[in-house]
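Here's the letter readout for the chains.
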Amino acid sequence: MKQTISVLVENQAGVLNRITGLFSRRAFNIESLAVGTTDDPAVSRITIIVDSGNSVMEQVEKQLNKLVDVIKVRTLEESRLIGRELVLIKVNANNKTRQDIMTICDLMGAKVADISPNSLTLELSDTPERIATFEAMLRPFSILELVRTGVIALQKGSGKI
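These figures come from a predicted structure and were not determined experimentally.

What follows is about the overall build of the chain. Summing up its helical and strand segments, the chain has four helices and nine strands in all. Beginning at the N terminus, the succession of helices and strands in the chain can be written as β-α-β-β-α-β-β-α-β-β-α-β-β. Structurally, the chain occupies a C-alpha span of about 60 × 35 × 30 Å along its principal axes. Taken over 161 residues, the chain has a buried fraction of 37%. Within the chain, counting contacts between residues at least 6 apart in sequence, those at least 24 apart form 72% of the total. Of the roughly 9400 Å² that the chain leaves accessible, carbon and sulfur atoms contribute 51%. Side chains of the chain carry 20 positive and 19 negative charges; the gap between the two charge centres is 3 Å.

On to helix α1 (residues 15–25). Where α1 is concerned, the buried positions are V15, I19, G21, L22 and F23. At the exit of α1 stands A27, carrying a positive phi of roughly 60°.

Of the pockets and cavities examined, the largest pocket occupies roughly 350 Å³. In this structure, the largest pocket is lined by 15 residues; those nearest its centre are I49, E78, P128, E129 and V151. At the level of elements, β1 (2–10), β2 (30–37), β5 (81–92) and α4 (128–138) are the ones that each hand at least two residues to the lining of the largest pocket. With five residues, β5 is the single largest residue contributor to the lining of the largest pocket.

A surface patch of nonpolar side chains, about 210 Å² in accessible area, is lined by L16, L33 and V35. If you trace the backbone, L33 turns up in strand β2.

On to the environment of S142. Considering the arrangement of structural elements, one finds S142 in the loop between α4 and β8 (143–148). For S142, a relative accessible area of 33% gives the class partly exposed. Excluding residues within four positions of it along the chain, S142 makes contact with K90, V91 and N92.

What follows concerns helix α3 (residues 98–108). Those residues of α3 not exposed but buried are R98, I101, I104, C105 and M108. Down the axis of α3, the smallest arc covering the buried residues is 125°, so these residues share one side. Opposite its buried face, α3 presents the exposed residues Q99, D106 and L107, each directed more than 90 degrees away. Looking at the packing, one finds that the buried side of α3 touches β5, β6 (111–115), β7 (119–126) and α4. Positioned one or two residues after α3, G109 has a phi angle of 80°, which is positive.

Considering the arrangement of structural elements, one finds S44 in strand β3 (residues 43–51). At 3.3 Å, the side chain of S44 forms a polar contact with the side chain of N11.

Parameters at a glance
Residues numbered from 1 in each chain as written. Predicted model: local features only at pLDDT ≥ 70, side-chain atom pairs only at ≥ 80, totals over all residues. Heavy atoms only, no water. Helix = DSSP H or I, 4+ residues; strand = E, 2+ residues; numbered from the N terminus. Buried < 20%, exposed > 50% of the residue type's maximum accessible area, 1.4 Å probe, protein only. Contact = heavy atoms within 4.5 Å. Areas by Shrake-Rupley, 256 points an atom, 1.4 Å probe, with all protein chains shown as cover. Lys, Arg positive; Asp, Glu negative; His and termini not counted. Charge placed at Lys NZ, Arg CZ, Asp CG, Glu CD. 1 Å grid on protein atoms, 1.4 Å probe; cavity = no way out; pocket = protein on both sides within 12 Å on 5 of 7 lines; lining within 4 Å. Points joined across faces, edges and corners; volume = space filled by probe spheres on them. Patch = residues over 30% accessible without salt bridge, like charges linked within 9 Å, V, L, I, M, F, W, Y side chains within 5 Å. Salt bridge = Lys/Arg side-chain N within 4 Å of Asp/Glu carboxyl O. Arc of directions from axis to C-beta. Polar contact = N/O pair within 3.5 Å; in protein donor to acceptor, adjacent residues only side chain to side chain.

Structural measurements only, silent on function.
Encoded structure:
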């Protein structure tokens, strides 16, 4: 079962290392990790996705809260979060295939980030499932390079971490 954990931390050197070390010591594989500053430059938000059970995650959440630089921790329920990921995909493109690729972009809501005579670099921000669909649709055109950011997430509604 995948769990999404949102952690607010003091924006200081070494904080990410201490947090990931906690997961490493428990042999948890982090599937996705995204870090960025918040509206307060002194505070960063870390979004972590791990595959684990609820009881284990409660223990991890308590141990995260004990770390000095951690301000707040919350496990977000799948049905109560908005999660997005960014992907950049460079795909082989020529005069014959360029229109087909553009049609896929239009259908998926992707943008062209760069164009060259032999390739298109495409950008899509969406759910991990839709990004996987986009990637699968582009595979027949020969993907040259691909990079994904990892999921960032916020709780739905007026609640906040």
